[in-house]
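Chains, contacts and geometry: an overview
Residue-level listing of the chains:
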Amino acid sequence: MGEFRNRLFQKIVISLLSVIVLVINMVFVVQYIGESVPSVWYILLPLSIYFLLYLIFVVYLTVYLLICLGFEGLAQSSILRKIYRLEPFLQGEMLHLKG
């Protein structure tokens, strides 16, 4: 892609900005729930489970974003290879390097 390819500094800034936006969003949600929702276990338990699942999903997408941005060290992890389908991505990288 030549001149339109993101540099390492841009990738780091993009990743940090994404994480900052997600953290601010989660802080506002927790603050809103703390102020608006009654502190009863049968209300807080489903909200906590939902928030935990949302956090896991955000981490999943963040790791995938970092892999797509070119952090190859993550793509080499055997644990992540079980979670993500990385073979087409890695084959594409190999074809790109050969060509």
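The rules behind each value
Residues numbered from 1 in each chain as written. Predicted model: local features only at pLDDT ≥ 70, side-chain atom pairs only at ≥ 80, totals over all residues. Heavy atoms only, no water. Helix = DSSP H or I, 4+ residues; strand = E, 2+ residues; numbered from the N terminus. Buried < 20%, exposed > 50% of the residue type's maximum accessible area, 1.4 Å probe, protein only. Contact = heavy atoms within 4.5 Å. Areas by Shrake-Rupley, 256 points an atom, 1.4 Å probe, with all protein chains shown as cover. pLDDT = per-residue confidence, 0-100. Core = buried A, V, L, I, M, F, W, Y, C linked by side-chain atoms within 4.5 Å.

Some thoughts on the overall build of the chain
- Scanning the chain from N- to C-terminus turns up five helices and zero strands.
- Moving toward the C terminus, one meets the helices and strands of the chain in the order α-α-α-α-α.
- Scored against the burial criterion, the 99 residues of the chain give a buried share of 12%.
- In the chain, 39% of the contacts between residues at least 6 apart in sequence involve partners at least 24 apart.
- Surface accessibility of the chain: about 8,100 Å² in total, with carbon and sulfur atoms responsible for 72%.

Structural notes on the confidence of the model for the chain
- In this model, the chain carries an average pLDDT of 80, and 86% of its residues clear a pLDDT of 70 or more.
- The secondary-structure element of the chain with the lowest mean pLDDT is helix α5 (residues 87-98), recorded at 58, while helix α2 (residues 41-68) shows the highest, at 88.

Observations concerning the nonpolar core
- In this structure, V63, I67, A75, L80, Y84 and L86 together form the largest nonpolar core, which totals six residues.
- If we skip the residues at most four places from it in the chain, L80 touches V63, I67, L74 and L86.

Some details on the side chain of S15
- Mapped onto the secondary structure, S15 falls in helix α1 (residues 8-36).
- With relative accessibility at 11%, the residue S15 sits in the buried group.
- In contact with S15, not counting residues within four places along its chain, are L66 and L69.

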